[in-house]
Amino acid sequence: MSSKLDATKTLEALPQQQSKSIQQEWDELYRQFKHKIIVLDDDPTGVQTVHGVSVYTNWDLTSIEDGFNEENQMFFILTNSRSFSVKETEDVHQTIAKRINHVSQKLGIPFLIISRGDSTMRGHYPLETETLRQSLEACSKETAFDGEIIIPFFEQGGRWTIDNVHYVKQENTLIPVGETEFAKDPSFGFSSSDLAEYIEEKTNGLFSKEEAISIDLPLIRSGNTEAVKEKLMEATSFQKIIVNAVNEEDIRVFSIGLLKALFKQKQFLFRTGATFTKIIGNISSRPLLSSQELRDSSSKMGD
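Every chain is numbered on its own, with residues counted from 1 as its sequence reads. Totals for whole chains, interfaces and linings use all residues, but because this is a predicted model, local features are given only for residues with pLDDT of at least 70 and pairs of side-chain atoms are given and counted only at 80 or more. Side-chain descriptors were evaluated using all non-hydrogen atoms of the structure, hydrogens and water having been removed beforehand.

A. Broad picture of the pattern of salt bridges. By definition here, a salt bridge exists when the distance from a side-chain nitrogen of Lys or Arg to a carboxyl oxygen of Asp or Glu is within 4 Å. All told, the structure shown has 22 salt bridges when counted by the stated rule. Across the salt bridge formed by aspartate 43 and arginine 82, the nearest N and O atoms sit 3.6 Å from each other. Residue aspartate 43 is found in the loop between strand 2 (36–41) and strand 3 (54–56), and its partner arginine 82 is found in the loop between strand 4 (74–78) and helix 4 (86–107); the two are separated by 39 residues along the sequence. In the salt-bridge network here, residues are joined through shared partners; they are Asp41, Asp42, Asp43, Arg82, Arg116, Asp118, Arg122 and Asp185. Secondary structure is summarised from DSSP: a helix means a run of H or I of at least four residues, a strand means a run of E of at least two, and numbering begins at the N terminus for each.

Written out as structure tokens, the structure reads:
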């Protein structure tokens, strides 16, 4: 069993980030990245880290094509699937996958699909990503996913992943997620805080903890994005890849390695918290909405 940690002491003990040129490397690579990023959000809170991004509340062909045709590189589809039954979740994700593939082929635009789930690990996992995988691979002989990238990290909510263990930060204490009330959820309960063990638990042993690839903090903090890429290049047969992170810069370093792997034709699906969508969508940070902005927004909604 994992133990609780002192957050301040834990941060002090981590390797320092060696990433002075990371922003420049990111900017140069991102200009070459042409995939449409589609985020399937399992409840309405997933857009809390982004702004200026469309959120579609249905998934008919017209809406999906509109999303592909937007100038923005990213759009969200709110499935709200955390409130669905298993059968409904499976049906919806099969339908969405087939329609995304159809539009992608029609327009000639490649895509990434992110299954945005709860940062405390609740939800229809692995059902959603496994359904997406099977449906998309059935649509095209050219599609064969090498790995599933798992990033529950959510900085704004104090959800950190260290040594593959996922924590919930409460004041200055890091509590392993399997020891929190979230793990006792009557629909989506679990016992494991180590994400490799969580994967084995939730897949009923189909993917063992020993098979998981770990992108650890010492590697990320080294700033060696080539080494991150090489770890990703190892993935085969939908192998699970755990990304450790305690701040957005960790995610950016990882994402540079990810883009390099994508440029080498590796194919991935994603199960992540909200922070990854902000970084991979290249969404800038901004202050909280002011009272005037909230009033203006309410006024427009009433028009």
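B. Quick look at the side chain of serine 193. Take serine 193: it is sitting in the loop between strand 9 (173–176) and helix 6 (195–202). Between buried and exposed lies partly exposed: a residue is buried under 20% and exposed over 50% of the maximum accessible area for its type, with that area taken using a 1.4 Å probe on protein chains only. A residue is classified by how much of its surface remains accessible, and serine 193, at 7% relative accessible area, is buried. Under the rule applied, a polar contact is a pair of N or O atoms within 3.5 Å (in protein, one hydrogen donor and one hydrogen acceptor; residues adjacent in sequence only if both atoms are side-chain atoms). Of the polar contacts made by the side chain of serine 193, one reaches the backbone nitrogen of glycine 178; its length is 2.7 Å.

C. Here's a closer look at the pairing of strand 4. Burial analysis of strand 4 places 5 of its 5 residues in the buried class, which makes it a mostly covered element. Because side chains alternate across strand 4, one face comprises the buried residues Met74, Phe76 and Leu78, and the other comprises Phe75 and Ile77, equally buried. As paired strands, strand 2 and strand 4 are joined by 5 bridges and run parallel to one another. Bridge pairing in strand 4 places leucine 40 opposite isoleucine 77. Pairing between two strands is assigned when DSSP locates at least 2 bridges connecting them.

D. A look at the sheet that holds strand 9. Taken in spatial order, the 4 strands make up an open sheet running 1-9-8-7, and their pairing is antiparallel. Either end of the sheet is taken by a strand with one partner, and the two such strands are strand 1 (5–6) and strand 7 (159–162). The pairing of strand 7 with strand 8 (residues 165–170) spans 4 bridges and is antiparallel. Paired with threonine 161 across the two strands is histidine 166, which belongs to strand 8.

E. Local environment of the sheet that holds strand 3. Read across the open sheet, the 8 strands follow the order 3-4-2-5-12-6-11-10; overall the sheet is parallel. Either end of the sheet is taken by a strand with one partner, and the two such strands are strand 3 and strand 10 (213–215). The average angle at which neighbouring strand axes cross in this sheet is 25 degrees, direction not considered. Relative to strand 12 (residues 268–272), strand 5 (residues 111–116) runs parallel, the two sharing 3 bridges. Note that in strand 12 the partner of isoleucine 114 across the bridge is phenylalanine 270. Residue contacts are defined here by distance: any two heavy atoms, one from each residue, within 4.5 Å place the two residues in contact. The angle between two axes is taken between their N-to-C directions and runs from 0 to 180 degrees, where each axis is a line fitted to C-alpha atoms and a helix contributes only its stretch in contact. Across the sheet, helix 5 (residues 127–139) is in contact with strand 2, strand 5, strand 6 (147–151) and strand 12; its angle to strand 12 comes to roughly 160 degrees.

F. The arrangement of the layout of surface pockets in detail. Cavity and pocket criteria rest on a 1 Å grid covering protein atoms alone: a 1.4 Å probe that fits but cannot get out defines a cavity, protein on both sides within 12 Å along at least 5 of 7 lines defines an open pocket, and an atom within 4 Å of a point defines a lining residue. Grid points are joined across faces, edges and corners, and a volume is the space filled by probe spheres set on the points. Considered as a void within the structure, the largest pocket measures approximately 570 Å³ in volume. His35, Pro110, Phe111, Thr143 and Gln267 are the residues nearest the centre of the largest pocket, which is lined by 22 residues in total. Looking at the lining of the largest pocket, the elements with two or more residues in it are helix 4, strand 5 and helix 9 (248–263). Considered class by class, the residues forming the lining of the largest pocket number 10 nonpolar, 9 polar and 3 charged. Residues are sorted three ways: Asp, Glu, Lys and Arg are charged, Ala, Val, Leu, Ile, Met, Phe, Trp, Tyr, Cys and Pro are nonpolar, and all the rest, Gly among them, are polar.

G. Examining empty space enclosed by the protein more closely. Per the stated rule, a full pass over the model turns up 1 cavity of 30 Å³ or more. Empty space within the largest cavity amounts to approximately 110 Å³. Lining of the largest cavity is provided by Gly117, Asp118, Met121, Arg122, Gly123, Tyr125, Ile150, Pro152, Tyr198, Arg271, Thr272 and Gly273. Of the residues contributing to the lining of the largest cavity, the split by class is 5 nonpolar, 4 polar and 3 charged.

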